[in-house]
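# Observations on the three-dimensional arrangement
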Amino acid sequence: MVIKTIGIDLDETLVKLYPALKKIYSYNKIKYVPVKTLDGKGIPDKVRIGIQEALKNPDVMCHLKLYPFVMEKLLYLKKVKKCKLVIVTSRHDDIKEQTLHWLHKRFPVVDDVIITPPLFKIKRDTLLKNKIDLWIDDNPIEIEDVMNDIPCIMISNRNTRYNHYLRHKVPFVQYFFQINLNPFSR
Ligand SMILES: [Mg+2]
């Protein structure tokens, strides 16, 4: 199997979302749910909505810093591995344009950007429609929804959200820059 097109999640995969939110908002509104509640149950919608509300603030968007060596890794995947790179992230409609503008400016190496509505389990259809060969995400809920149809890599930049069950089912790396495509080449 040859990986031609890689789909990549944005928040907490390429950029540090939570530190930016924490800086600006009361953490009560957006704090993590305990990892044990991620096993099969998902994050309550109210947590997700809290994040999206916070992201309507342009000041938050300007605080999204990249994880270390993200740009180097993206360049490697594009130039050395010759992959097409597509960022797939979810945002409310009212910050969609702003997010697209910011992403195109911040990630010129990426071939395409797709913004989906801020709902869980919505990425699978988008990824299939866009012929994504490999999906990279920090969110175990999205991984579990996608992994039967598309090979996945789960990352955990912060080592907080990974799901132990999934960790044995899909290639797992701690950091984005550790990703390699060897498990998928035959
Ligand atoms: Mg994410």
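## A word on the overall build of the chain
- Looking only at helices and strands, the chain has nine helices and eight strands in total.
- By the burial criterion, 30% of the 186 residues in the chain qualify as buried.
- A separation threshold of at least 6 residues defines the contact pool for the chain, and within that pool the share at least 24 residues apart is 62%.

## Brief notes about the pairing of strand S5 (residues 112-116)
- Pairing geometry for strand S4 (residues 84-90) and S5, over five bridges, is parallel. Bridge pairing in S5 links Val88 to Ile114.
- Once the chain exits S4 it traverses helix H6 (residues 96-106) before rejoining the sheet at S5, and the crossover so formed is right-handed.

## Quick notes on the pairing of strand S1 (residues 5-8)
- Of the pairings in the sheet, the one linking S1 to S4 comprises four bridges and is parallel in character. Among the inter-strand pairings, Gly7 is bridged to a residue of S4, identified as Val86.
- Note: S1 against strand S6 (residues 134-137), three bridges, orientation parallel. Paired with Ile6 across the bridge in S6 is Leu134.

## Here's the deal with the nonpolar core
- Counting residues in each nonpolar core, the largest one holds 29 residues, and the members touching the most others are Ile6, Ile8, Leu85, Val86, Ile87, Trp135 and Ile136.
- Elements with a minimum of two residues in this core: S1, helix H1 (17-24), helix H5 (70-80), S4, S6, helix H8 (140-146) and strand S7 (152-155).
- The residues touching Leu85, leaving out its near neighbours within four places in the chain, are Ile6, Ile8, Leu74, Leu77, Lys78, Val109, Val110 and Asp111.

## Focus on the confidence of the model for the chain
- On average, the chain scores 81 in pLDDT, and the residues at 70 or more come to 78%.
- Mean pLDDT across the elements of the chain ranges from a minimum in helix H2 (residues 27-30), with 50, to a maximum in S1, with 98.
- Within the model, pLDDT remains below 50 along residues 30-42, and this stretch shows 20 contacts once partners closer than five positions in the same chain are excluded.

## Re the sheet that holds S4
- An order of S5-S4-S1-S6-S7-S8 is seen for the six strands of this open sheet, with the pairing classed as parallel. In this open sheet, the two strands that pair with only one neighbour each are S5 and strand S8 (172-173).
- Pairing of S6 with S7, which is carried by three bridges, proceeds in the parallel orientation. Counterpart to Ile136 in the pairing with S7 is Ile153.
- Most of the contacts of H6 go to S5, to which it runs at about 155°, and overall it touches S4 and S5.

## Observations concerning H5
- Inspection of H5 places Lys73, Leu74 and Leu77 among the buried residues, and these make up the whole buried set. The buried residues of H5 all sit within an arc of 100° when viewed along its axis, so they share a single face. Projecting away from the buried face of H5 at angles above 90 degrees are the exposed residues Glu72, Leu75, Lys79 and Val80.
- Next to the buried residues of H5 lie S1 and S4.
- Looking one or two places after H5, you find Lys82, whose phi comes out positive at around 60°.

Rules of the game
Residues numbered from 1 in each chain as written. Predicted model: local features only at pLDDT ≥ 70, side-chain atom pairs only at ≥ 80, totals over all residues. Helix = DSSP H or I, 4+ residues; strand = E, 2+ residues; numbered from the N terminus. Buried ≥ 20, exposed ≤ 12 C-beta atoms within 10 Å, placed from the backbone. Contact = placed C-beta atoms within 7 Å. Pairing = 2+ DSSP bridges. Right-handed = clockwise from strand over helix to strand, strands pointing away. Core = buried A, V, L, I, M, F, W, Y, C linked by C-beta atoms within 7 Å. pLDDT = per-residue confidence, 0-100. Axes fitted to C-alpha atoms, helices over the stretch in contact; angles between N-to-C directions. Arc of directions from axis to C-beta.

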